[in-house]
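# Overview (structure and organization)
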Amino acid sequence: MRMNMEWRQASVRSTAEIAEGVHRVEFDVQGTLPPFDPGSHTNIAVLINGARAIRTYTCLPAPAGCLAIAAKRHPNSRGGSRFIASLRPGDAVEVTAPENRFELSWRASRYLLIAGGIGVTPIYGMARTLAAAGQDLRMIYGGASRSVMPFIDELSDLLADRIEIFPADEGRNLDLAREIAALPENGEAYVCGPLGLLQAVKRVWLESGRPVSRLRYEVFGDNGTFTETAFEVSVLNRGIQTTVRPDQSLLDALIGAGVDMIYDCQRGECGLCAVRIVEADGDVDHRDVFFNEAEKASNEHMCACVSRFTGGRAVIDIGYRT
């Protein structure tokens, strides 16, 4: 079961490719939308192989009554980004009213914004809002190349010397230790991007001795250490076995097989969908931010919404007892 979401009918207003493989889609939403701040997200009902699934996307700045998102076409997409890229003006979709779990605190003397790849989507809105409010900020933005990094021109015009771009193909790498060391004691950092970036930021932040409450982050769970492959999973005490496709999450596969699951965020943050690993042939590709590194290394539990096995067969325990 999932926490209640306020679903709305919407139609596609416009689409545009704003970077290589990145599509911005704007929706006209029926009914009055509540005001929402940077970092908010919306859930969208997508069709994958003819079946309804839910995917979560950051809300970009948009005109009143509209929602806008940007999605990157992932080479091993579970289907959500393919669906978003296929949308055309006039198409009907279902979306939820925005919800925010990645809020600006408005208490810091200085803000360090860190974006990696498509993780720029919430950071972009934060940069615009902080700049408009006259807040002290610096932004660092990394990606594979400028061609795949959306909003570079807009952010450069907005922030001028307060932003630095780090395209990997130009040999530029983020110096996280330097950036974090330059923050005043009551400064805060906000980061969104691949799991590796988040892990690096968290490591440097903790080594600096700064309060964990002043590091805010969001991560997308569609990238991990290993490429997505199919695997078989059996549910202890339920007599249920199912195949998890490369383009499917373990959570979706379990629900599709008739397993009642408790879940909410579907981003590896809340831990509600965690299952116990009884045995497994392959490695566990932990893609969540709920478990700490020691817990992940023990391979005793995993978040079914984002984490995967690398292949073979596995047995999991969802706590079901006769």
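Please refer to the structure higher up on the page.
Residues numbered from 1 in each chain as written. Predicted model: local features only at pLDDT ≥ 70, side-chain atom pairs only at ≥ 80, totals over all residues. Heavy atoms only, no water.

The final tally for this structure, using the stated rule, is 22 salt bridges. We note a salt bridge from Arg101 to Glu99, for which the minimum N-O separation is 3.0 Å. Glu179 is paired through a salt bridge with Arg178; the nearest N and O atoms lie 3.2 Å apart. Here the salt bridges do not stand alone but share partners, grouping Arg138, Glu164, Arg172, Arg178 and Glu179 into one network. (Salt bridge = Lys/Arg side-chain N within 4 Å of Asp/Glu carboxyl O.)

In this section: the sheet that holds strand S19 (residues 313-317). Strand order in the open sheet formed by five strands is S14-S13-S19-S15-S17, with mixed pairing between adjacent strands. Among the strands making up the open sheet, the edge pair consists of strand S14 (240-244) and strand S17 (301-303). Here the strands of the sheet are splayed against their neighbours by 40° on average, with no regard to which way each runs. Where strand S15 (residues 274-280) meets S19, four bridges bridge the pair, whose relative direction is antiparallel. Counterpart to Ile277 in the pairing with S19 is Ile316. (Pairing = 2+ DSSP bridges. Helix = DSSP H or I, 4+ residues; strand = E, 2+ residues; numbered from the N terminus. Axes fitted to C-alpha atoms, helices over the stretch in contact; angles between N-to-C directions.)

With that settled, the discussion passes to helix H3 (residues 152-159). When we look at burial in H3, the residues that qualify are Ile152, Leu155 and Leu159. For H3, the angular spread of buried residues about the axis comes to 70°, placing them on one side. Facing away from the buried side of H3 by over 90 degrees, the exposed positions are Asp153 and Asp157. Each element contacted by the buried residues of H3 is listed here: helix H2 (120-132), strand S9 (137-143) and strand S10 (163-167). Within two residues after H3, Ala160 carries a phi angle of roughly 55°, on the positive side. (Buried < 20%, exposed > 50% of the residue type's maximum accessible area, 1.4 Å probe, protein only. Arc of directions from axis to C-beta. Contact = heavy atoms within 4.5 Å.)

If you trace the five strands from one edge of the open sheet to the other, you get S10-S9-S8-S11-S12, paired in parallel fashion. Two strands lie at the open edges of the sheet, namely S10 and strand S12 (215-219), each paired on one side alone. Sheet twist, expressed as the average angle between the axes of neighbouring strands with direction ignored, equals 10°. Across five bridges, strand S8 (residues 111-116) lies against strand S11 (residues 188-193) in parallel orientation. Each bridged residue has a counterpart across the sheet, and for Leu113 the counterpart in S11 is Tyr190. Of the strands in this sheet, S8, S9, S11 and S12 touch H2, which is tilted by about 150° from S8. Packed onto the sheet, H3 meets S9 and S10 and runs at close to 160° relative to S9.

Right, let's get into the side chain of Thr42. Residue placement: Thr42 occurs in strand S3 (residues 40-48). For Thr42, the side chain forms a polar contact with the main-chain oxygen of Thr96, separated by 2.7 Å. Excluding residues that lie within four positions of it along the chain, Thr42 makes contacts with Arg55, Thr56, Tyr57, Cys59, Leu67, Ile69, Val95 and Thr96. (Polar contact = N/O pair within 3.5 Å; in protein donor to acceptor, adjacent residues only side chain to side chain.)

In this section: the packing of aromatic side chains. For the structure shown, the criterion picks out five aromatic pairs. Seen in terms of ring centroids, Phe231 and Phe309 are 5.4 Å apart; in terms of plane orientation they differ by 75°. Their pairing is edge-to-face. In this pair, Phe231 is assigned in strand S13 (residues 231-235) and Phe309 in strand S18 (residues 308-309), connecting sequence segments 78 residues apart. Since its relative accessible area comes to 2%, Phe309 is described here as buried. Taking the ring centre of Trp7 as reference, the NZ or CZ of Arg52 above it sits at 5.0 Å. For the cation-ring pair, Arg172 lies above Phe166, with the distance from its terminal atom to the ring centre recorded as 4.5 Å. (Phe/Tyr/Trp six-rings, centres within 6.5 Å; stacked < 30°, edge-to-face > 60°. Lys NZ or Arg CZ within 6 Å of the ring centre and 35° of its normal.)

Burial analysis of S9 places seven of its seven residues in the buried class, the great majority of the element. Neither face of S9 is open: one carries Leu137, Met139, Tyr141 and Gly143, the other Arg138, Ile140 and Gly142, and all of them are buried. Sheet topology places S8 next to S9; six bridges connect them, and they run parallel. Opposite Gly116, over in S9, you have Gly142 as the bridge partner. In the classification by handedness, the crossover that spans S9, the intervening H3 and the parallel S10 is right-handed. (Right-handed = clockwise from strand over helix to strand, strands pointing away.)

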